[in-house]
Amino acid sequence: MNPQQFSKITRWASIAKNDEIYFNEFSLTQTIYDCLWHNKEAVDEGFNKYMLRKMKEYEDVLAYHNKNCLGEKCKICEDRIIIKNRLGLNYERKKS
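Predicted model, so just to flag it, every value in this text is computed and none were measured.

Conventions and cut-offs
Residues numbered from 1 in each chain as written. Predicted model: local features only at pLDDT ≥ 70, side-chain atom pairs only at ≥ 80, totals over all residues. Heavy atoms only, no water. Helix = DSSP H or I, 4+ residues; strand = E, 2+ residues; numbered from the N terminus. Expected span 1.5 Å × (residues − 1). Buried < 20%, exposed > 50% of the residue type's maximum accessible area, 1.4 Å probe, protein only. Arc of directions from axis to C-beta. Contact = heavy atoms within 4.5 Å. Phe/Tyr/Trp six-rings, centres within 6.5 Å; stacked < 30°, edge-to-face > 60°. Polar contact = N/O pair within 3.5 Å; in protein donor to acceptor, adjacent residues only side chain to side chain. Axes fitted to C-alpha atoms, helices over the stretch in contact; angles between N-to-C directions. Parallel < 35°, antiparallel > 145°, perpendicular 65-115°, else oblique. Nonpolar A, V, L, I, M, F, W, Y, C, P; charged D, E, K, R; others polar. Salt bridge = Lys/Arg side-chain N within 4 Å of Asp/Glu carboxyl O.

(A) How the structure looks around helix H1 (residues 3-16). An ideal rise of 1.5 Å per residue puts 20 Å on 14 residues; H1 measures up with 20 Å between its terminal C-alpha atoms. Listed as buried for H1 are Gln5, Lys8, Ile9, Trp12, Ala13 and Ala16. Across the axial projection of H1, the buried residues extend over an arc of 135°, all falling on one side. More than 90 degrees from the buried face of H1, the exposed residues found are Pro3 and Gln4. Structurally, H1 contributes buried residues whose contacts are with helix H2 (25-36) and helix H5 (75-87).

(B) The arrangement of the packing of aromatic side chains in detail. In the structure shown here, the tally under the stated rule is three aromatic pairs. Their ring planes at 85° and their centres at 5.0 Å tell us that tryptophan 37 and phenylalanine 47 sit as a pair that is edge-to-face. Placement of tryptophan 37 in the loop between H2 and helix H3 (40-45) and of phenylalanine 47 in helix H4 (residues 47-68) is noted, with a sequence separation of ten residues between them. For tryptophan 37, a relative accessible area of 57% translates into the label exposed. Through pairs of rings, three or more aromatic residues link up here, namely Tyr33, Trp37 and Phe47.

(C) Expanded view of the environment of glutamate 45. Following the sequence through the fold, glutamate 45 ends up in helix H3. Classification of glutamate 45 as partly exposed rests on a relative accessible area of 25%. Beyond its immediate sequence surroundings of up to four residues, glutamate 45 is in contact with Tyr50 and Arg53. Within the structure, the side chain of glutamate 45 is placed 2.8 Å from the side chain of arginine 53, a separation counted as a polar contact.

(D) Structural detail: the packing of H2 against H4. Following both chains from N to C, one finds H2 and H4 inclined at 100°, their axes separated by 11 Å at the closest point. Looking at the two axes, H2 sits roughly perpendicular to H4. Here Ile32, Tyr33 and Leu36 of H2 come into contact with H4, specifically with Phe47, Asn48, Tyr50 and Met51. Residues of the contact of H2 with H4, tallied by class, amount to six nonpolar, one polar and no charged.

(E) How the structure looks around the side chain of lysine 8. Relative to the helices and strands, lysine 8 is located in helix H1. Judged by its relative accessible area of 18%, lysine 8 is buried. With residues up to four places along the chain from it excluded, the contact list for lysine 8 reads Thr31, Asp34, Cys35 and His38.

(F) Up close: the pattern of salt bridges. Tallied over the entire structure, the rule returns eight salt bridges. In this structure, the salt-bridge partner of aspartate 44 is lysine 40, at a minimum N-O distance of 2.6 Å. Note that aspartate 44 and lysine 40 are positioned in helix H3 at a spacing of four residues, about one turn of the helix. This pair shows no difference in class: aspartate 44 is exposed, exactly as lysine 40 is. One salt bridge connects arginine 53 with glutamate 57, and the closest N-O pair in it is separated by 3.0 Å. Residue arginine 53 and its partner glutamate 57 are both found in helix H4; the two are separated by four residues, about one turn of the helix.

Listed below in structure tokens is the structure:
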């Protein structure tokens with residue numbers, strides 16, 4: 001995702017953390033879909049199918065990480081902190 005597309009997600013997070021009505025799955029999904037128009041693979045595959053495949057890949061990576069994280073200098077842990085800071089989020093949403 002390029003910086004311009006990431007800024008759309010950042011703007012969504014900024015609005016959503018102050019507006020409970022805006023903080024919902026539909027709003028986030030529409031923002032992500034708007035960004036995916038710039039991803040040829042997502043356009044060709046279809047946004048929903050692309051996102052489901054990517055979520056499965058990330059779930060697999062995180063499951064492996066959760067079992068094998070060594071703590072210090074963990075790239076995944078470092079990336080999570082960077083993303084939370086950029087989005088201004090101080091919590092992780094629990095999977096429902």
